[in-house]
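Listed below, chain by chain, are the residues.
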Amino acid sequence: MTERLSFVLVLCFSILPLTAQNLAVNGGFEAYYACPTMIGNLSNDSKSLKAPTKGSTDYFNICGAKDVSVPNNFNGSQEAFEGNAYAGLYLLSPNDYREYIQFKLSSKLEKGKFYKVSLRLSLAEISALAIQEASVLLTENPLNLDTNKNLSPRRLDRFKVNKFSYIKLKVKGTIFDSDKWSLVEAEFQSKGYEEYLTFGNFKDDRYSRTIRLNKNEPNQKNLSYYYIDDVTLTISNKQKFEINKPFVLNQLQFEFDDFKLTEKAKKEVQKVYAHLRRNPKVQLEIYGHTDDLGSENYNKYLSSRRARSVALYLQELGLSEKRITWEGKGDKAPLHLGTSDKERDANRRVEFVITKFEDH
């Protein structure tokens, strides 16, 4: 026997609402060590949150002192989107000065899975400029950089940050409003190394798109300061099919030591078939995988039968066998090298790759 009775083969497609857990630790800013008493003290006052550079990101709480209270504080007035607290930071300020906020993720993201990041922003009254875009930076390791400038790719390279990627956030509505919270969000596919999420503006002043506000607010300054709340990172419930990019399906399960598709699994495979039917000029590669338990020969056999069962069902649905190739990889290409139950469960999978037809 190669796998435990509790085994669930995870393949990534749809996610039940029950699994929509926020992976951004303290994304609502409600957990704190102490009520804030001074500006620029987010790293010391809030739990699990850090200012990853020399920029002095702020923490606001209803229990805070006058300058760092909710709703009224040193840069304006805003109720929390939810709860009693939020953070604040300069997305644009003279001389490329930037502030950022870094979130630790409750677990490393799984390679090939799709995730959704979302957050709420509200422009502070002190701001004469409204930023038109914002992004998040995903890294393998926490950042603690000796700079207060924007974290461009070139600057990250200079600080020897090896693995990183930027995700541009899409604005739902407007982020020019100081009276309400605006939603910004994006979906992305994990590369498998991401454990930290940093929010901010990563462009320098000349490339940052802004709008000057026509307001006669007292004490308004030539900068862009935002309050931030309700930061969430969850597994996406949408599957994207991209050429030459491996993907897996979620909620597809096999019985212990078995390779037969359940009725639930067939419904998931039907979604792949529907995409292939709509796109007749692509082909499908199917790769079966197991965890590290069991012999090499048996794992190769079991992974092959599982990949083959998917291929045969696609043919039953009407897909030409000329459009399908399948192969068992055994335990030779794990997503994770660890031996915990969670890591082994993730390694038991079938990967799909959609490719274009090749001319011969």
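Please refer to the structure higher up on the page.
A few points on the structure.

What counts, and at which threshold
Residues numbered from 1 in each chain as written. Predicted model: local features only at pLDDT ≥ 70, side-chain atom pairs only at ≥ 80, totals over all residues. Heavy atoms only, no water. Pairing = 2+ DSSP bridges. Helix = DSSP H or I, 4+ residues; strand = E, 2+ residues; numbered from the N terminus. Axes fitted to C-alpha atoms, helices over the stretch in contact; angles between N-to-C directions. Expected span 1.5 Å × (residues − 1). Buried < 20%, exposed > 50% of the residue type's maximum accessible area, 1.4 Å probe, protein only. Arc of directions from axis to C-beta. Contact = heavy atoms within 4.5 Å. Phe/Tyr/Trp six-rings, centres within 6.5 Å; stacked < 30°, edge-to-face > 60°. Polar contact = N/O pair within 3.5 Å; in protein donor to acceptor, adjacent residues only side chain to side chain. Left-handed = near helix turned anticlockwise from the far one by under 90°. Nonpolar A, V, L, I, M, F, W, Y, C, P; charged D, E, K, R; others polar. Salt bridge = Lys/Arg side-chain N within 4 Å of Asp/Glu carboxyl O.

Taken together, 6 strands build an open sheet; the order of strands is 2-5-15-7-12-11 and the sheet is antiparallel. Edge strands, defined here as strands with exactly one partner in the open sheet, are strand 2 (58-61) and strand 11 (170-172). Between one strand and the next, the sheet's axes are offset by a mean angle of 35 degrees, whatever the strand orientation.

To continue, consider helix 3 (residues 263-278). Here helix 3 contains 16 residues, and its C-alpha end-to-end distance of 23 Å stays within 8% of the 22 Å for a straight helix at 1.5 Å per residue. What helix 3 keeps buried is the set A265, E268, V269, V272, Y273, H275 and L276. Down the axis of helix 3, the sector holding all buried residues measures 160 degrees, keeping them to one side. Away from its buried face by more than 90 degrees, helix 3 exposes E263, K267, R277 and R278. For helix 3, the elements touching its buried residues are strand 16 (282-288), helix 4 (296-317) and strand 18 (350-356).

Pairing within the open sheet is antiparallel, and its 5 strands lie in the order 1-6-13-9-10. Bordering the open sheet on either side are strand 1 (49-50) and strand 10 (164-168), each of which pairs with just one other strand.

Okay, the packing of aromatic side chains next. This model, assessed by the stated rule, comprises 15 aromatic pairs. Arranged with centres 5.8 Å apart and planes meeting at 70 degrees, the rings of F29 and F103 form a pair that is edge-to-face. Highlighted residues: F29 in the segment before helix 1 (42-45) and F103 in strand 6 (residues 101-104), separated in sequence by 74 residues. Owing to a relative accessible area of 0%, F29 belongs among the buried residues under this scheme.

In this section: the side chain of N61. Along the chain, N61 falls in strand 2. The residues contacting N61, other than those within four sequence positions of it, are Y32, P36, V68, S69, V70, N84 and A85.

On to the environment of Q78. With respect to the helices and strands, the residue Q78 is situated in the loop between strand 4 (76-77) and strand 5 (85-92). As for Q78 and L123, which are separated by 45 residues in sequence, their C-alpha atoms are 9.2 Å apart. In this structure Q78 touches V70, P71, Y86, S122, S178, D179, K180, W181 and Y227, once residues within four positions along its chain are discounted. A polar side-chain atom of Q78 sits 2.7 Å from a polar atom in the side chain of S122.

Across the 5 residues of strand 9 (residues 135-139), 5 count as buried, placing the element largely inside the fold. With burial as the criterion, each face of strand 9 is covered, one bearing S135, L137 and T139 and the other bearing V136 and L138.

With respect to the helices, strands and loops of the structure, S236 is situated in the loop between strand 15 (224-235) and helix 3. Within the structure, the side chain of S236 is placed 3.0 Å from the side chain of E187, a separation counted as a polar contact.

So, about the packing of helix 3 against helix 4. Relative orientation of the contacting elements helix 3 and helix 4 amounts to 65 degrees, with a least axis distance of 10 Å. The two elements helix 3 and helix 4 cross, and the hand of that crossing is right-handed. On helix 4, the residues touching K266, V269, Q270 and Y273 of helix 3 are V310, Y313, L314 and L317. Here the contact of helix 3 with helix 4 is built from residues that sort into 6 nonpolar, 1 polar and 1 charged.

Bringing the pattern of salt bridges into the picture now. For side chains of opposite charge, pairing can occur when their charged atoms come near one another. All told, the structure shown has 12 salt bridges when counted by the stated rule. D96 is the salt-bridge partner of R98, the closest N and O atoms lying 3.9 Å from each other. For R98, a relative accessible area of 0% puts it in the buried group. By relative accessible area, D96 is classed as partly exposed at 22%. Across the salt bridge formed by R209 and E133, the nearest N and O atoms sit 3.5 Å from each other. Remark: E133 occurs in the loop between strand 8 (129-131) and strand 9 and R209 occurs in the loop between strand 13 (196-200) and strand 14 (210-212); sequence separation between them is 76 residues. Connected through shared salt-bridge partners, D96, R98 and D205 make up one network.

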